[in-house]
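Chain by chain, the residues:
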Amino acid sequence: MVRVGIVGVTGYSGRELLRYLLRHPHVTISYLAARRLTKPTPITAVYPELVGRLRLDYRPFAAQEAIRNADLLFLALPPGVAMTVAPALLKAGKYVVDLSGDYRLESPSAFAKAYGLRHRHPHALKEALYGLTELYREHLPKARLVANPGCYPTASILAAAPLVHKRLVAPDGIVIDAKSGVSGAGRALKEELLFTEVNEDLRAYKANEHQHMPEIAQELGRLGHSTVRIVFVPHLVPMTRGLYASVYLRLKRRVTAAQVQRWYERFYQDEPFVRVLSPAAGLPKTARVAGTNDCEVAVRVAPGGRTVIALAAIDNLGKGAAGQAIQNLNVMLGFDETSGLL
Ligand SMILES: NC(=O)c1ccc[n+]([C@@H]2O[C@H](COP(=O)([O-])OP(=O)(O)OC[C@H]3O[C@@H](n4cnc5c(N)ncnc54)[C@H](OP(=O)(O)O)[C@@H]3O)[C@@H](O)[C@H]2O)c1
């Protein structure tokens, strides 16, 4: 059994990690930490539903305790915190899967621009592996530090990847209209996220300024071997979980619907968690992927054959966070990729 810890267990991603790990056949949950407590406290004080299922205290984070008690640590912390926690864990030879944005961008200057913070562990950015499992699976067994992708990037990249990989997309031909449920913003109190503010409301935010934009551009650029410029508008929708990316791709040449459908089906044919819907199956739905690590994808070709509409739905806390983090753990440590996730 691999001993696994969660730092940030009281947050939404931390809770979702617990849910998946409790049913994982090859791990034991051995260390839990958060911030706003002064002494070790039973985790059932936060999650009473775990009475009889998990007897373990959570505690203020302390590197030496984490190192003593776990082989792999999930960091489910706000941006800017993981990069202060990971160095000691890595130095002690631990595996780290970071769910924040701290290690996703290749350069410290790109990180500073996106997050408005100076990177405190810049030399690790080169060694961190971007953990979109479908694209980096073969590198995961050698990785020590995995940067789990953001929720918007996961859906957007999976929607666009087959065509970008074929190098059919015009360099400035990607427009992403994305929507997330409110849990995507985390559990911390924010006035604009109160029920009374969010209910019966639909709003765009950070239009073309969101911190996930450089991450999406970086990864699609790598995949297509060229610089990619994207337009990205995220929206907040009044539901708890779920994330939808509608990606409009302008192509360099004409294609047919049958060709694009075939390319997508082939690209994802062996993927346990990406489901390409047939035209008869309709379009993705967040309700169908809620509580799972699945990503539903569908493609349509606009009249004229030069624009493809690629749609993807995920659970922001599943494939967009905790589910994918566990998928990465499975591949890193040589377990069946679906362990704990089906
Ligand atoms: N929510 C999503 O859908 C989603 C999707 C993908 C990626 N992510 C990323 O995953 C990370 C976690 O997101 P979340 O939504 O789960 O956040 P969250 O609900 O706000 O939870 C944050 C957690 O971090 C803990 N924490 C904060 N500062 C800490 C510190 N200095 N030391 C130890 N623990 C500390 C908090 O503990 P206290 O409760 O004690 O303050 C809490 O347990 C974020 O970086 C986020 O961007 C989130």
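This structure is a prediction, so every number in the text was calculated from the model and none was measured.

The rules behind the values
- Residues numbered from 1 in each chain as written.
- Predicted model: local features only at pLDDT ≥ 70, side-chain atom pairs only at ≥ 80, totals over all residues.
- Heavy atoms only, no water.
- Helix = DSSP H or I, 4+ residues; strand = E, 2+ residues; numbered from the N terminus.
- Rg over C-alpha atoms; globule rule 2.2 N^0.38 Å.
- Contact = heavy atoms within 4.5 Å.
- Areas by Shrake-Rupley, 256 points an atom, 1.4 Å probe, with all protein chains shown as cover.
- Lys, Arg positive; Asp, Glu negative; His and termini not counted.
- Charge placed at Lys NZ, Arg CZ, Asp CG, Glu CD.
- Patch = residues over 30% accessible without salt bridge, like charges linked within 9 Å, V, L, I, M, F, W, Y side chains within 5 Å.
- Salt bridge = Lys/Arg side-chain N within 4 Å of Asp/Glu carboxyl O.
- Buried < 20%, exposed > 50% of the residue type's maximum accessible area, 1.4 Å probe, protein only.
- Near = heavy atom within 4 Å.
- Polar contact = N/O pair within 3.5 Å; in protein donor to acceptor, adjacent residues only side chain to side chain.
- Nonpolar A, V, L, I, M, F, W, Y, C, P; charged D, E, K, R; others polar.
- Phe/Tyr/Trp six-rings, centres within 6.5 Å; stacked < 30°, edge-to-face > 60°.
- Lys NZ or Arg CZ within 6 Å of the ring centre and 35° of its normal.
- Pairing = 2+ DSSP bridges.
- Axes fitted to C-alpha atoms, helices over the stretch in contact; angles between N-to-C directions.
- Core = buried A, V, L, I, M, F, W, Y, C linked by side-chain atoms within 4.5 Å.
- Domains from an automatic or database assignment.

Caption draft 1: Local environment of the overall build of the protein. When helices and strands are counted, the protein shows 12 helices and 15 strands. What you see for the protein is a C-alpha radius of gyration of 20 Å, in line with the 20 Å of a compact globule of 342 residues. In terms of overall dimensions, the protein has C-alpha extents of about 65 × 45 × 40 Å along its principal axes. Excluding contacts between residues fewer than 6 apart, the proportion of contacts in the protein whose partners are at least 24 apart in sequence is 70%. Accessible surface for the protein amounts to roughly 15000 Å². Of this, 53% is attributable to carbon and sulfur atoms. Each charge sign in the protein was given a centre, from 43 positive and 29 negative side chains, and these centres are 3 Å apart.

Caption draft 2: Up close: a nonpolar patch on the surface. A cluster of nonpolar side chains, V175, V231 and Y248, forms an exposed patch at the surface whose accessible area comes to about 220 Å². You can see V231 is positioned in strand 11 (residues 230–236). Look at V231 and you get partly exposed, because its relative accessible area is 37%.

Caption draft 3: Representation of unusual backbone geometry within the structure. The backbone phi angle of E200 is positive, close to 60°, even though this residue is not glycine. Counting through the fold element by element, E200 comes out in the loop between helix 8 (195–198) and strand 10 (203–204). Phi is positive for H225, which is not a glycine, with a value near 55°. Secondary-structure assignment places H225 in the loop between helix 9 (213–224) and strand 11.

Caption draft 4: Region of interest: the site of the ligand. Taken together, 27 residues are adjacent to the ligand, and T10, S13, R36, L77 and R187 come closest. Measuring from an oxygen atom of the ligand, one finds a backbone N or O atom of A76 at 3.4 Å. The contact in question runs from an oxygen atom of the ligand to an N or O atom on the backbone of L99, over 3.4 Å. Protein chains bury 87% of the 910 Å² of accessible surface belonging to the ligand in isolation. Breaking the shell around the ligand down by element, the ones donating at least two residues are helix 1 (12–22) and helix 12 (318–332). The residue inventory of the shell around the ligand, partitioned by class, reads 13 nonpolar, 10 polar and 4 charged.

Caption draft 5: Geometry of the packing of aromatic side chains. Scanning the entire structure with this criterion turns up 4 aromatic pairs. A ring pair is formed by Y152 and F232, whose centres lie 5.4 Å apart and whose planes are at 80°; its orientation type is edge-to-face. With a gap of 80 residues between them, Y152 in helix 7 (residues 151–165) and F232 in strand 11 connect regions that are remote in the sequence. Since its relative accessible area comes to 2%, Y152 is described here as buried. By relative accessible area, F232 is classed as buried at 0%. Centroid distance F267 to Y268: 4.9 Å. Interplanar angle 85°. Geometry classified as edge-to-face. The class of F267 is partly exposed, set by a relative accessible area of 25%. Taking the relative accessible area as the measure of exposure, Y268 reaches 3% and is therefore buried. R15 extends its terminal NZ or CZ atom over the ring of Y47, reaching a point 4.9 Å from the ring centre. Sitting over the ring of Y20, R19 keeps its end group 4.7 Å from the ring centre.

Caption draft 6: Representation of the sheet that holds strand 6 (residues 95–98). Taken in spatial order, the 8 strands make up an open sheet running 3-4-2-1-5-6-8-7, and their pairing is mixed. Bordering the open sheet on either side are strand 3 (41–42) and strand 7 (129–130), each of which pairs with just one other strand. Here strand 7 pairs with strand 8 (residues 145–147) via 2 bridges, running parallel. Within strand 8, the position partnered with Y130 by the bridge is A147. Contacts between helix 3 (residues 82–91) and the sheet are confined to strand 5 (72–75), strand 6 and strand 8, with strand 5 contributing the most and set at about 175° to the helix.

Caption draft 7: View of the pattern of salt bridges. Following the criterion strictly, the structure yields 18 salt bridges and no others. Salt-bridge contacts for R222 lead to E106; the nearest nitrogen and oxygen are separated by 2.7 Å. Here R222, found in helix 9, pairs with E106, found in the loop between strand 6 and helix 4 (108–115); they are 116 residues apart in sequence, far enough to count as distant. A relative accessible area of 32% means that R222 is categorised as partly exposed. Assessed through its relative accessible area of 36%, E106 is described here as partly exposed. A salt bridge links E296 to R288, with the nearest nitrogen and oxygen atoms 2.7 Å apart. Here R288 falls in the partly exposed class, since its relative accessible area comes to 37%. Here the salt bridges do not stand alone but share partners, grouping E16, R19, R241 and D315 into one network.

Caption draft 8: Quick look at the nonpolar core. L17, L18, F74, I174, L249 and Y264 are the most contacted members of the largest nonpolar core, which totals 81 residues. With 10 residues, helix 7 is the largest single contributor of residues to this core. Shared between two domains, this core takes at least three residues from each, and those domains are domain 1 (2–148 + 320–332) and domain 2 (152–316). Not counting residues up to four positions away in its chain, the partners in contact with L17 are I6, F74, A76, L99, A322, A325 and I326. Among the nonpolar cores identified, the runner-up in size contains 25 residues, and V7, L73, V85 and L105 belong to it.

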